[in-house]
Amino acid sequence: MATLDELEQRLYPSDGSDPTPDESCHVYHHSILQLSNNANSTAQLIRAIDVGKQAVGILFKDCHESRTMHWARLAAFAASMVAKRSKYFCEPLSVHVIRDINCLLSHWEPSISTQNVTLDQSACLKNWMLSVFCDARTCPDPRVRVLMLRFLAFYWHHAELDTKAALRTVSGLILNYEALDEETLLPTDRRGEEKGEPGLLYPLMFLLEGLGRHGYLDHMCQAAITQVRRLIPGPETRCLATLVKRTCRSAERIKAMYMMFDIKAPYILESLTGVVKFFGVLVTSQSTVHASESPGLLKLASDSLVDMISSILEIGPILQLESTTGYADLIGMVNKTLESLALRGDSPKSVWIKVQQDHSHVFPRFTRQTQTMGLSLLFLSPSAGAREASWAEEMEEVPTKYLDSLTQDIMTEPVRLLTSGMTVDHSTIITLLLTSITPFDPFTRLPLCHGSFKSLPRLKRQIREWKNRKHCNREMEEE
């Protein structure tokens, strides 16, 4: 077996020439042998991973998919070896090794075929990757833990998802959600021809879709619903709320990057399409839809959707010039998301109804922007805004005590703030608790905590009766 020094010499000849394909292939196979050498130190393990990665990069420099597949094969083998060393030799975790293994998978996405990759499906590897992702004692750095999302998606792409591992994965998401910011989720800049790193957005979507499809997100979503009902937002609620907020912020970041830098249109379109799909997974999928319709989370989803669409339309005219078809496909994806929301329109607590109630004033602007580009947003028509305008006229007849003191919307679940005596809606409290590290009473600036507010069931009943009367009167007028 060639030593690491010999492999590096073959990879980088002293005369400055490029290694031949045979030499690169030789280096790649011997780097795998070095990974299986238990006598190697952690530093040598890192060198072996790097040598193997460089050899693959040279060998398949003109074929992105082959390069990605062989890097994935190297990552799978390296992870298996590291897991065994950790279990049998009690070797401490190396952050550098974790980074290097996930760096090998940085170009992998679920859409890329890796059929020729043999993945170790032993309990040893499974426990190791879940410990890194889910246990802050094993891996204290959350930035490193979230990198394992890509390896988890890669692993579950090849292996069967079992209940225990799936629930641990969900726990890891709840533990690490704060580290999943826009910079981590979005692909790297693609200002040149070289394909940049895709970010964690698609692997995260792949995991959420798989977990949701098998019902493994149900417990987290039900916990969030219960926490919202009790006015005590916990980590499950904050996880969902943070991920929804990331959608509009990611769209805003992409828009700003496109306007400030010379970035290729395909990168922008791919990134925005990913953000729209991600929003759909979080808000319209069967596993998360009821949680997204909880007070507070409902408003957050509604606001995020409108902000996301606004960012997409603002750069539309320029983006469309670079890629007419690509931008039309993006608007088609937005329409698909809107259609999914509109199908829930019969539910009085749906995101669709909330969008119409809070944001109908922007519908005409959205319509003008899309029509200028020869496109249309099928479900955000001015007529919907007109319907809400008539509702706004009726709002003038609403008794003041039925209105939220902060938002001036009709309340459904009135709550009194004991720190000021003002009455607001249940959803306003949740929004205040979710959008601030140290929430406070907006009227007195005193801290808000559990016990700082009191539900008002009698006022809630009066509001419900008033709404029913208005509904009956409106039906009689229409007849």
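Residues numbered from 1 in each chain as written. Predicted model: local features only at pLDDT ≥ 70, side-chain atom pairs only at ≥ 80, totals over all residues. Heavy atoms only, no water.

## What to know about the overall build of the protein chain
Reasoning step 1: In terms of regular secondary structure, the protein chain is built from 22 helices and three strands.
Reasoning step 2: A principal-axis box enclosing the C-alpha atoms of the protein chain has dimensions of 85 × 50 × 40 Å.
Reasoning step 3: Looking at the protein chain residue by residue over its 479 residues, the buried ones come to 51%.
Reasoning step 4: In the form shown here, the protein chain has an accessible surface area of approximately 22700 Å², with 52% of it arising from carbon and sulfur atoms.
Reasoning step 5: Side chains of the protein chain give 51 positive and 56 negative charges; the mean places of these two sets differ by 7 Å. (Helix = DSSP H or I, 4+ residues; strand = E, 2+ residues; numbered from the N terminus. Buried < 20%, exposed > 50% of the residue type's maximum accessible area, 1.4 Å probe, protein only. Areas by Shrake-Rupley, 256 points an atom, 1.4 Å probe, with all protein chains shown as cover. Lys, Arg positive; Asp, Glu negative; His and termini not counted. Charge placed at Lys NZ, Arg CZ, Asp CG, Glu CD.)

## Brief notes about unusual backbone geometry
One can expect most non-glycine residues to show negative phi and most peptide bonds to be in trans.
Reasoning step 1: With a phi close to 60°, leucine 231 is a non-glycine residue in the positive phi region.
Reasoning step 2: Note that leucine 231 resides in the loop between helix 11 (218–229) and helix 12 (235–260).
Reasoning step 3: Relative accessible area serves as the criterion here: at 8%, leucine 231 is assigned to the buried category.
Reasoning step 4: If you check the backbone angles, glutamine 408 has positive phi at about 65° while not being a glycine.
Reasoning step 5: Within the secondary structure layout, glutamine 408 lies in the loop between helix 20 (382–395) and strand 1 (414–417).
Reasoning step 6: Take glutamine 408: its relative accessible area is 44%, and that puts it in the partly exposed class.

## Examining the pattern of salt bridges
Reasoning step 1: Applying the stated rule across the entire model yields eleven salt bridges.
Reasoning step 2: For aspartate 135, the salt bridge is made with arginine 137, and the minimal N-O distance between the two is 3.2 Å.
Reasoning step 3: Aspartate 181 is the salt-bridge partner of arginine 143, the closest N and O atoms lying 2.7 Å from each other. In this pair, arginine 143 is assigned in helix 7 (residues 142–158) and aspartate 181 in the loop between helix 8 (163–176) and helix 9 (182–185), connecting sequence segments 38 residues apart. (Salt bridge = Lys/Arg side-chain N within 4 Å of Asp/Glu carboxyl O.)

## Observations concerning the packing of helix 11 against helix 12
Reasoning step 1: With their axes 7 Å apart at the nearest point, helix 11 and helix 12 run at an angle of 105° to one another. It follows from the interaxial angle that helix 11 and helix 12 lie roughly perpendicular. Across the interface between the two elements, Met220, Cys221, Ala223, Ala224, Gln227 and Val228 of helix 11 pack against Pro235, Glu236, Thr237, Cys239 and Leu240 of helix 12. (Axes fitted to C-alpha atoms, helices over the stretch in contact; angles between N-to-C directions. Parallel < 35°, antiparallel > 145°, perpendicular 65-115°, else oblique. Contact = heavy atoms within 4.5 Å.)

## Let's talk about the environment of leucine 282
Reasoning step 1: Mapped onto the secondary structure, leucine 282 falls in helix 13 (residues 265–283).
Reasoning step 2: Look at leucine 282 and you get buried, because its relative accessible area is 5%.
Reasoning step 3: Between the C-alpha atoms of leucine 282 and threonine 247, which are 35 residues apart in sequence, the distance is 9.5 Å.
Reasoning step 4: Aside from chain neighbours lying at most four places away, what touches leucine 282 is Leu208, Leu243, Val244, Thr247, Thr288 and Ser292.

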